[in-house]
Amino acid sequence: MRRVLLSLVPAIWLGILGAAQAAVPVQTDWMTVLLGGRKVGHVQIDRERQGDILTTTQTLSLDLSRSGKPMHLGNMSQSVEGPEGEPLGFAARTRMSSMDSTVDAMPDVAGRYRVTTTVGGQTRTMLMDWPGDALLAEGQRLATLAAGRTPGTSYQLHEFDPSSQQVVHVRVDVLGDETVTLPGGAMRLSHQRQVLSLAHGRQTLDLWVDDRGIARKGLMSLLGQPLEMLACDRACALAPNQPVDMLRAATIDSPRWLPSYVRAVPMRYRIRISGNIGQPFITTDEQQVTPLGGTDWMLDVGNSHVGRQAPPRPTDTQPNAWLQSDAPAIRRLAVEAVGGAHDDLQRMRRLREFVSRYITGHGLDVGYASALEVVNSRAGDCTEYAVLLAAMARAQGIPARVVTGMVYADRFAGASQLFIPHEWVQAWVHGRWQSFDAALRHFDSTHLALASGDGDPWHFAATTQLFGNLHIRQAEPGADLSLPAGGGQAAPAGHPGGNTGSDGSTGH
């Protein structure tokens, strides 16, 4: 039922790595992808020039697994640019579930971009202004060449990712020339360190580029393991893969056993982080985050303090590509689920119960499906429970968000006493945000929130680097935790959102 968004960081990285490519009439380059020294996939980079127009198509293919269940993930990112790297259009195709998600964008007569997105079989079109000085593939290559190879050089890039339609802000430091061993032999390359500004601090990506600005090697950390891309020939890139079980790699050891009666009361955690992450957790109406200095943090979870989170925004009730709350099938299910409920709390409880029963195909091989796909398949893990519940809540006019975080499990994947990746829903009920977990059928004080958003998987990309860098040093129950001042009044025991969990459940 629980998952980590394993495909996201590699997909965003692909947009960056593939950017530094040469403008030639026709060329195909290959790279092999290694995770922890094991081959897990490949990258194919095709460039085609027609007159002054250059089209760069980058295709990433990964073979991973979750608890022994195979996952075949793919991402195609395409950019169309003029001779100076000016953007003319972009496209993307991502395979994270049984249906591909696609993006196609071309400029319209007004100079804006008409972006058509298809997710779960539903298509949406919007107009988008180009985000300032953001660069696509050829523009990034030209910027790399213009900056040169002199050690000590630093410059800034704003890199546009067609898959997520997000701009990644990057600082680049030129470290100097180095001899790098690649599958096809040694090359003298310029070592350049890119620091990406993401939602949870920064992510470091090391690139080694040749004198044409072509990236021949890339290195970053994913779940505490090195993720490498190395230039090689086609046979090398397409050699058999050795899938890595990413879900097991994302688990975090619990410092103690947490039986159900402990999980039903507020908890205090002391957590140490490694890496250049910044604040790893979000403050919610149910979770208080306190820095302890250095890399240590205190987390208090379970008591409700109204006002720690801002009220909902208009977008928290609107449909989007992944939470298709305006789809007739979802609206029909939501009406069926709530019946004659008299207020939003009762509606959310009935929606949670409905979704818990509705998904009957429990598995770890779905990937990431949209709410409309879940309606049709009735299958998935915690992600699918969360997106469907959030979409049905929005269909009822209740503001809702999808939360990514961790939750405690006595046993998982052959190990015991773990915190594992998990997703659930926050809904705005009775003037505050309350949590509802359709996958586990209850919310308790072992739900540690890392991020929240609108259900779009690209918004949670940054959380993948957190799982391998969190170390829970202490987990202690307490019926009357002393929380920092200013957080409002705690809900009394038994009140929805207090010690019994937001949907009134206690224990698994």
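The preceding data block contains the structure.
Residues numbered from 1 in each chain as written. Predicted model: local features only at pLDDT ≥ 70, side-chain atom pairs only at ≥ 80, totals over all residues. Heavy atoms only, no water.

Thoughts on the overall build of the protein chain
Note the threshold: A run of DSSP states H or I qualifies as a helix once it reaches four residues; a run of E qualifies as a strand once it reaches two. Both are numbered from the N-terminal end. Residue exposure (1.4 Å probe, protein chains only): buried if accessible area is under 20% of the type maximum, exposed if over 50%, otherwise partly exposed. Only heavy atoms matter for contacts: two residues are in contact if any of them lie within 4.5 Å across the pair. Computed by Shrake-Rupley with a 1.4 Å probe, the accessible areas treat only the displayed protein chains as cover when residues are assessed.
Helix and strand content of the protein chain: ten helices and 25 strands. Put simply, the protein chain has 508 residues, and 59% of those count as buried. Of all intrachain contacts in the protein chain linking residues separated by at least 6 positions in sequence, the fraction that spans at least 24 positions is 63%. Of the accessible surface of the protein chain, which amounts to about 18800 Å², a share of 51% is contributed by carbon and sulfur atoms.

Quick word on the sheet that holds strand E16 (residues 267–273)
Rule in force here: Whether two strands pair comes down to DSSP finding at least two bridges between them. Inter-axis angles, ranging from 0 to 180 degrees, are taken between N-to-C directions of lines fitted to C-alpha atoms, where helices are fitted over the stretch in contact.
A sheet is described by the order of its strands in space; here four strands give the open sequence E17-E18-E16-E25, paired in antiparallel fashion. Two strands lie at the open edges of the sheet, namely strand E17 (287–293) and strand E25 (470–477), each paired on one side alone. Looking at each pair of strands side by side, their axes are set apart by 20° on average, direction ignored. The pairing of E17 with strand E18 (residues 296–301) spans six bridges and is antiparallel. Its bridge partner lying in E18, Gln287 is registered against Val301.

As for the packing of aromatic side chains
Rules: Any two of the Phe, Tyr and Trp rings considered here, Trp counted by its six-membered ring, make a pair once their centres fall within 6.5 Å; the pair's planes then place it as stacked at under 30 degrees, edge-to-face at over 60, or tilted in between. When the NZ atom of lysine or the CZ atom of arginine is within 6 Å of a ring's centre and also within 35 degrees of its normal, the charge is said to sit over that ring.
Per the counting criterion, the structure on display carries ten aromatic pairs. Residues Phe354 and Tyr358 carry aromatic rings whose centres are separated by 5.5 Å and whose planes lie at 20° to one another, so their mutual orientation is stacked. Within this pair, Phe354 and its partner Tyr358 are both found in helix H7 (residues 344–358), separated by four residues, close to a single helical turn. An identical accessibility class is assigned to Phe354 and Tyr358; each is buried. In this structure an aromatic cluster arises from ring pairing among Phe90, Tyr113, Trp130 and Phe160. Positioned over the ring face of Trp208 is Lys217, at 4.7 Å from the centre of the ring. A cation over an aromatic ring shows up here: Arg378 above the ring of Tyr358, its NZ or CZ 4.1 Å from the ring centre.

A look at the pairing of E16
Within E16, five of the seven residues are buried, leaving the element largely enclosed by the surrounding structure. As paired elements, E16 and E18 share six bridges and run antiparallel to each other. Opposite Tyr269, over in E18, you have Leu299 as the bridge partner. Of the pairings in the sheet, the one linking E16 to E25 comprises seven bridges and is antiparallel in character. Residue pairing for E25: Ile271 is matched across the bridge by Ile472.

Digging into the packing of helix H6 (residues 328–338) against H7
In plain terms, the rule: Orientation is classified from the angle alone, with under 35 degrees giving roughly parallel, over 145 giving roughly antiparallel, 65 to 115 giving roughly perpendicular, and any other angle giving oblique. Should the near helix be turned anticlockwise from the far one by less than a right angle, the crossing is left-handed, and should it be turned clockwise, the crossing is right-handed.
Two numbers describe how H6 lies on H7: the axes approach to 8 Å, and their chain directions differ by 115°. Here H6 lies roughly perpendicular to H7, going by the angle between them. As H6 runs across H7, the sense of the crossing is right-handed. The segment H6 lies against H7, with Leu333, Ala334, Glu336, Ala337 and Val338 engaging Arg347, Arg350, Leu351, Phe354 and Tyr358.

Structural notes on the nonpolar core
So the rule is basically this: Note on terminology: a nonpolar core comprises buried Ala, Val, Leu, Ile, Met, Phe, Trp, Tyr and Cys residues joined through side-chain atoms within 4.5 Å.
Of all hydrophobic cores here, the largest spans 44 residues; its most connected members are Ile330, Met348, Leu351, Val355, Leu389 and Met392. Contributing elements (two or more residues each) for this core: H6, H7, helix H8 (371–377), helix H9 (382–395), strand E21 (400–412) and strand E22 (415–429). Top contributing element to this core by residue count: H9, with eleven residues. Discounting residues that sit within four places of it in the chain, Val355 has contacts with Tyr385, Leu388, Leu389, Met392 and Ala438.

So, H9
For the record, the criterion: Under the convention used throughout, the expected extent of a helix is 1.5 Å for every residue step, that is, one less than its residue count. Polar contacts here mean pairs of N or O atoms no more than 3.5 Å apart (in protein, one a potential hydrogen donor and the other a potential acceptor; neighbouring residues in sequence count only if both atoms are side-chain atoms).
Between its first and last C-alpha, H9 extends 20 Å over 14 residues, near the 20 Å set by a 1.5 Å rise per residue. Of all 14 residues in H9, 14 are buried; the element is thus mostly enclosed. With a side-chain oxygen positioned 3.1 Å from the backbone nitrogen of Thr383, the residue opening H9 is Asp381. Count one or two residues on from H9 and you reach Gly397, which has phi positive near 80°.

A short note on the pairing of strand E23 (residues 432–436)
The element E23 is extensively covered by neighbouring structure, given that five of its five residues are classed as buried. Residues of E23 alternate between two faces, with Arg432, Gln434 and Phe436 on one and Trp433 and Ser435 on the opposite face, all of them buried. The pairing of E22 with E23 spans five bridges and is classified as antiparallel. Residue pairing in the sheet places Ala427 in a bridge with Gln434 of E23. Hairpin remark: E22 followed by E23, antiparallel, with two residues in the connecting loop; positive phi at His430, about 55°.

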